[in-house]
Amino acid sequence: MAQVTRHLFIHGRVQGVGYRAWAQDTANRLGLDGWVRNRRSGEVELLVSGRPEVVAEMIEACRAGPPFAHVTRIDEADAAPEEAHAEGRVAGFISRPTV
């Protein structure tokens, strides 16, 4: 089964609105691997890995985010699948500390 991994930077009012918890819940519900974290520069950074159609569904969901978020733009790039499994994890989606 083919998988894709995408690295996202989500811009707008995305901190202080529960975006990380929402992203973690959404990705886990969809069965995706990866991580999410806040950036001190104000963005939310997300790495997501899974079947192409499910990753696309997650990216589309990220355009809206949780109820109080206001996403103005998402920067996307391909990423290496192993980046989604950092810290010795086999699978799953986690929230990482702010950088």
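Because the structure is predicted, anything quoted here is derived from the model rather than measured. (Residues numbered from 1 in each chain as written. Predicted model: local features only at pLDDT ≥ 70, side-chain atom pairs only at ≥ 80, totals over all residues. Heavy atoms only, no water.)

Undergrad: Run through the pattern of salt bridges, naming residues and quoting values.
TA: Across all of its chains, the model carries eight salt bridges by this definition. Note that R51 is salt-bridged to E53, the shortest N-O span being 2.8 Å. The salt bridge partner of D75 is R73, with a shortest N-O separation of 3.0 Å. By relative accessible area, which is 45% here, R73 ends up partly exposed. A single salt-bridge network, built from bridges that share partners, covers R6, E60, R63, E76 and D78. (Salt bridge = Lys/Arg side-chain N within 4 Å of Asp/Glu carboxyl O. Buried < 20%, exposed > 50% of the residue type's maximum accessible area, 1.4 Å probe, protein only.)

Undergrad: Can you lay out helix α1 (residues 19-30) for me, pointing to particular residues and giving the numbers?
TA: Compared with an ideal rise of 1.5 Å per residue, which puts twelve residues at 16 Å, α1 spans 16 Å between its outermost C-alpha atoms and is within 8% of the ideal. Of all the positions in α1, only Y19, W22, A23, T26, A27 and L30 are classed as buried. Buried residues of α1, seen end-on, are gathered within an arc of 125° and therefore sit on one face of the element. Structural note: α1 exposes D25 and R29 on the side pointing more than 90 degrees away from its buried face. On the buried face of α1, the contacting elements are β1 (4-13), β2 (33-38), β3 (44-50), α2 (52-64), β4 (70-78) and β5 (93-95). G31 occupies a position one or two residues after α1 and carries a positive phi of about 75°. (Helix = DSSP H or I, 4+ residues; strand = E, 2+ residues; numbered from the N terminus. Expected span 1.5 Å × (residues − 1). Arc of directions from axis to C-beta. Contact = heavy atoms within 4.5 Å.)

Undergrad: Lay out the UniProt feature "active site" (unreviewed entry) in the chain with the relevant residues and their values.
TA: The UniProt feature table records "active site" (unreviewed entry) at R20 and N38. In sequence the annotated residues extend across 19 residues, while in space they remain close, none of their C-alpha pairs exceeding 7.5 Å. Tracing the chain through its elements places R20 in helix α1. What makes R20 partly exposed here is its relative accessible area of 29%. Apart from the residues lying within four places of it in its own chain, the contact partners of R20 are V36, R37, N38, S95, R96 and T98. With respect to the helices and strands, N38 occurs in strand β2. Beyond its immediate sequence surroundings of up to four residues, N38 is in contact with Q15, R20, E43, V44, P97, T98 and V99. (UniProt positions renumbered as here; feature names shortened; annotations may be inferred.)

Undergrad: Hey, could you go over α2 for me, with residue numbers and the actual values?
TA: With 13 residues, α2 extends 19 Å from end C-alpha to end C-alpha; this agrees with the ideal 18 Å at 1.5 Å per step. For α2, the complete set of buried residues consists of V54, V55, M58, I59 and C62. Buried positions in α2, seen along its axis, are confined to an arc of 145° and lie on one side of it. Exposed and oriented more than 90 degrees from the buried face of α2 are E60 and A64. Buried-residue contacts for α2 involve β1, α1, β3 and β4. Directly after α2, the chain includes G65, whose backbone phi takes a positive value near 70°.

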